[in-house]
Amino acid sequence: MTLTQAEQSPFRIPADSPDWWRQAVVYQIYPRSFADANGDGIGDLAGIISRIDYLKELGVDAVWLSPFYPSELADGGYDVADYRNVDPRIGTLDEFDEMSTKLHEAGIRLIVDIVPNHSSDQHPWFKEALASEKGSPARDRYIFRDGLGEHGEIPPADWKGSFGGAAWTRVPDGQWYLHSFAIEQPDWNWSNPEIHADFLKTLRFWADRGVDGFRIDVANSLAKDLPEVLPSAAELAAMPIDGTHPTIDRDEVQDIYAEWREVFNEYDPPRTAVAEAWLDDPARRARYARPESLGQAFNFDLLTADFDAAQFRRVVSTNLEQQELSGSSSTWVLSNHDVTRHATRYGLAPLNGRKVKQGAEWMLAGAPADQLDRDLGVRRARAATLFVLALPGSAYLYQGEELGLHEVTEIGDDQRQDPAFFHGGRQDYDGLGRDGCRVPIPWTSEGPSFGFGAAGAHLPQPAWFAADSVAAEEADPDSTLSMYRKALAVRADLVTGDGQAAESLEWDDALSQGDVLAFRRPGGWLCLTNFGAEAVALPTGELLVASGHLAADEDGQQLLPGATTAWLRQD
Ligand code: GLC
Ligand code: CA
């Protein structure tokens, strides 16, 4: 018997399918904290290569690598000094190619992070800008302004950076430059054609190396229109975000992505992209997800929702409506490298609609760590994960969540790395910064850095990591890791990924009562989540996977306990 090309392909969704991403499970690797092959305390590409079997067994369709480019690490690598290279502390381009080849052989696609809003202050073009005169072409690649006041000693505006602290910093000759994030992250000037050309070069550089897709950092802020007299921070904050705001989600940003789309479509299958755009209005976010734009956009709504049936249902419904508008598939995110891990969020007091600020209070969701109910948090996290994995669209997982890891709070002030912690985050808010979800993950229950590497880890690992290690959880059929593996295997059978027809969901309103949400997917798949505390009756059907143990009443009726999800197949 000869195999067809699709049968030979290592990919779950055929290699040549342009739609592979629509319902993919994407696993985010934070490279410096994943696996350290050479024992210098920093995760590296060789470490990722050594763990490809683990990723394959987990059953993910793609990995997304947070930045691994040369960087001074003022913002965990989101300060890029060279967009077309690998940080020598992390590896080489040859190792990148080896990783890419081996991932593909394992049937795993590769997404890299592009950081186009700002560079590092160590980027050669920023150094050149500083060494050049006011008004020079080198300065025009960034956003420089004269100051106010008699000697230009007052910043052009009182804007704050996202991590706290001023957004305008003065350089020796007296001019000021804009940095929407840390001082070390000068914003690019996207009115300059040279910047457009350079990013097209970067996209082609990685696409030519076999990268399948891109995650676009701060996708909504590239286009800026700054008037001669700048608005104050208060005025800026009061301006509507409707396409005309000076710095956020301007309509012209879509022209940039139209150019990028042409590049993506030069490849077969076309390269994909997903926008990181923290926009409140889902309709504005949907613009980035259109096929002529980036093609997909993160939906972060679950990051600020409580473990609550009504809130989850609202988020799902809104996002499925946007899917209709954009023509893209929805995305689901419970954790990433910027937010408190979901096991911890769900073990804290509910937010009840209170908005969690990005860049600050979002750390421990505003509640003191000693109020954390660790077990409840993990139970709920597992239930939420199974809920999300049953939804139509792509699921983005963050390394360590498959172990049910909690946020690490045991990090001394002197060990912290996150600029959000230093630049006022701690003082202005109650935040601890984002280091707690970036601690190197535990592979073994003993040994140096719990198997992360031969030496220590670059952020301290707590003693409780031992029980949550890959080795410990692999040995336990009830562990969170075992649940993820099983769920992803079942999902792979049920989600065939063959286009939009399979991306439907139907709420079961008879079962969705009170704290329970139930929905059906094609193939007789029923997902039922109990967001409450009291057990409810479980309908009959073949149990595919559950996030916790089921119970039964005296009459033998199967029950779905509180904070639990079950997947059933009903024919
Ligand atoms: C994005 C990244 C975050 C980074 C910021 C600035 O929000 O996810 O980690 O600090 O952009 O690049
Ligand atoms: Ca290393």
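Being a predicted model, the structure only gives us computed values, none of them experimental.

Describing the site of ligand 1
Within the structure, ligand 1 sits among 14 residues, and Asp75, His118, Asp217, Glu276 and Asp338 are positioned closest to it. Take His118: an N or O atom from its side chain is 2.9 Å from an oxygen atom of ligand 1. Protein contacts shield 99% of the accessible area of ligand 1, which totals 310 Å² for the unbound molecule. When its residues are assigned to classes, the shell around ligand 1 shows 4 nonpolar, 3 polar and 7 charged.

Section: the sheet that holds strand β11 (residues 506–507)
Taken in spatial order, the 5 strands line up as β11-β12-β13-β18-β15 in an open sheet, and their pairing is antiparallel. Of all strands in the sheet, those with a lone pairing partner are β11 and β15 (542–546), marking the two edges. Pairing of strand β13 (residues 525–530) with strand β18 (residues 564–569) involves 6 bridges; the strand directions are antiparallel. Paired with Leu526 across the bridge in β18 is Leu568. Set on the sheet, helix α12 (residues 374–390) makes contact with β11, β12 (516–521), β13, β15 and β18; between it and β18 the angle comes to about 35°. Along the sheet, helix α15 (residues 480–494) makes contact with β13, β15 and β18, crossing β15 at roughly 130°.

Description of the coordination of the calcium ion (ligand 2)
Protein-derived ligands of the calcium ion (ligand 2) are Asp36 (OD), Asn38 (OD1), Asp40 (OD), Ile42 (O) and Asp44 (OD), with the metal-ligand distances lying across 2.3 Å. Within one chain, the residues donating to the calcium ion (ligand 2) are spaced in sequence as D-x1-N-x1-D-x1-I-x1-D. The exposure class of Ile42 is buried, given its relative accessible area of 18%.

Topic: the domain arrangement of the chain
Where interface size is given, it is often the accessible area lost as the parts come together that is meant. Once the domains are mapped, the chain shows domain 1 (19–115 + 299–489), domain 2 (119–187) and domain 3 (505–569). Using C-alpha coordinates to define each centre, domain 1 is positioned 27 Å away from domain 3. Listed per partner, the contact involves 23 residues of domain 1 and 26 residues of domain 3. Between domain 1 and domain 3, a total of about 2000 Å² is buried, with carbon and sulfur atoms accounting for 66% of that surface. Where domain 1 meets domain 3, there are 1 salt bridge. The partner of Arg313 in a salt bridge is Asp509, and the shortest N-O contact between them spans 3.2 Å.

Here we look at the sheet that holds strand β3 (residues 109–114)
Pairing in this open sheet of 7 strands is parallel, and the strands run β8-β7-β3-β2-β1-β10-β9 from one edge to the other. Both outer strands of the open sheet, β8 (272–275) and β9 (331–333), are each paired with one neighbouring strand and no more. Direction aside, neighbouring strands of the sheet carry axes that sit 25° apart on average. Two elements, β9 and strand β10 (residues 394–398), share 3 bridges in a ladder whose sense is parallel. Within β10, the position partnered with Val333 by the bridge is Tyr396.

Quick look at the side chain of Arg22
By the secondary structure assignment, Arg22 is in the loop between α1 (5–8) and β1 (25–29). Arg22 gets classed as buried once you look at its relative accessible area, which sits at 5%. Only 3.1 Å separates the side chain of Arg22 from the backbone oxygen of Gly327, close enough to count as a polar contact.

Observations regarding the pattern of salt bridges
Under the counting rule described, the total for this entry stands at 31 salt bridges. Of the charged contacts, one joins Arg520 and Asp508 as a salt bridge, the two residues approaching to 2.7 Å between their closest N and O atoms. One end of the pair, Arg520, is in strand β12; the other, Asp508, is in the loop between β11 and β12, with 12 residues separating them in the sequence. For Arg520, a relative accessible area of 27% gives the class partly exposed. Salt bridges sharing partners connect three or more residues here, namely Asp75, Asp338, Asp418, Arg434 and Arg438.

Observations concerning the environment of Leu568
Assignment of secondary structure puts Leu568 in strand β18. With 41 residues separating them in the primary sequence, Leu568 and Cys527 have C-alpha atoms 6.5 Å apart. For Leu568, the residues in contact, after removing those within four places along its chain, are Gly524, Trp525, Leu526, Leu538, Pro539, Thr540, Gly541, Glu542, Leu543 and Leu544.

Points about unusual backbone geometry
Omega for the bond connecting Asp268 with Pro269 falls within 30 degrees of zero, at -5°, which places this linkage in the cis form. Of note, the phi angle at Val218 is positive, near 45°, even though the residue is not glycine. Tracing the backbone shows Val218 in the loop between β7 (213–216) and α7 (233–238). With a phi angle near 50°, Phe450 is a residue other than glycine that sits in the positive phi range. Position of Phe450 relative to the elements: it lies in the loop between α13 (419–428) and α14 (470–474). Relative accessible area serves as the criterion here: at 12%, Phe450 is assigned to the buried category.

Thoughts on the packing of α12 against α15
Here α12 crosses α15 at 10°, and the two axes come no closer than 11 Å. Taken together, α12 and α15 sit at an angle that is classed as roughly parallel. Listed contacts from α15 to Val378, Arg382, Thr385, Leu386 and Leu389 of α12 are Thr480, Met483, Tyr484, Ala487, Leu488 and Arg491. Taken together, the residues of the contact of α12 with α15 sort by class into 7 nonpolar, 2 polar and 2 charged.

Here we look at the pairing of β7
Burial of the side chains of β7 extends over both faces: Gly213 and Arg215 are buried on one face and Phe214 and Ile216 on the other. Looking at chain direction, β3 and β7 are connected through 4 bridges and run parallel. Its bridge partner lying in β7, Val112 is registered against Phe214. Bridge analysis of β7 against β8 gives 4 bridges, and the strand direction is parallel. Its bridge partner being in β8, Gly213 is matched across the sheet by Thr272.

Looking at the packing of aromatic side chains
Per the stated rule, a full pass over the model turns up 42 aromatic pairs. Look at Phe126 and Phe144: their rings are 6.1 Å apart centre to centre, the planes differ by 15°, and that puts the pair in the stacked class. Separated by 18 residues along the polypeptide, Phe126 in helix α5 (residues 124–131) and Phe144 in strand β4 (residues 144–145) bring together distant segments of the chain. Exposure remark for Phe126: the relative accessible area of 2% places this residue in the buried category.

Reading guide: rules and limits
- In every chain, residue numbers begin from 1 and rise along the written sequence.
- Lettering for chains starts from A, numbering for ligands starts from 1, and both go in the order in which the items are written.
- Where totals are concerned, whole chains, interfaces and linings use all residues; where local detail is concerned, this predicted model gives features only for residues with pLDDT of at least 70, and gives and counts side-chain atom pairs only at 80 or more.
- Side-chain numbers here rest on the full set of heavy atoms in the structure, without hydrogens or water.
- Residues are counted as near a molecule or strand when any one of their heavy atoms sits within 4 Å of it.
- Definition of a polar contact: a pair of N or O atoms within 3.5 Å, with one able to donate and the other able to accept a hydrogen when the atoms are protein atoms, and with sequence-neighbouring residues admitted only if both atoms are side-chain atoms.
- For the accessible areas, the method is Shrake-Rupley and the probe is 1.4 Å, while residue cover comes only from the protein chains on display.
- Ten residues, namely Ala, Val, Leu, Ile, Met, Phe, Trp, Tyr, Cys and Pro, are considered nonpolar, four, namely Asp, Glu, Lys and Arg, are considered charged, and the remaining ones, Gly among them, are considered polar.
- Here, a strand pair is defined by DSSP locating no fewer than two bridges between the strands.
- Strands here are runs of E lasting at least two residues and helices are runs of H or I lasting at least four, both read from the DSSP assignment and numbered beginning at the N terminus.
- Here, two residues are considered to be in contact whenever any of their heavy atoms come within 4.5 Å of each other.
- Here the axes come from fitting lines to C-alpha atoms, over the contacting stretch only for helices, and the angles between their N-to-C directions go from 0 to 180 degrees.
- We call an atom a donor if it is N, O or S and sits within 2.8 Å of the metal, or 3.2 Å for Na, K and Ca. Water is not counted, so some sites may look partial.
- Buried residues are those whose accessible area, probed at 1.4 Å on protein chains only, stays under 20% of the maximum for their type, while exposed residues exceed 50% and partly exposed ones sit between those limits.
- Delimitation of the domains relies on an automatic or database domain assignment.
- In this description, buried area is defined as the sum, over both parts, of the accessible area (probe of 1.4 Å) that is lost when the two are combined.
- Every case where a carboxyl oxygen of Asp or Glu lies within 4 Å of a side-chain nitrogen of Lys or Arg is listed as a salt bridge.
- We call two directions roughly parallel when the angle between them is under 35 degrees, roughly antiparallel when it is over 145, roughly perpendicular when it lies between 65 and 115, and oblique otherwise.
- Aromatic pairs are defined between Phe, Tyr and Trp rings, using the six-membered ring for Trp, whenever the two ring centres lie within 6.5 Å; interplanar angles under 30 degrees are classed as stacked, those over 60 as edge-to-face, and all others as tilted.

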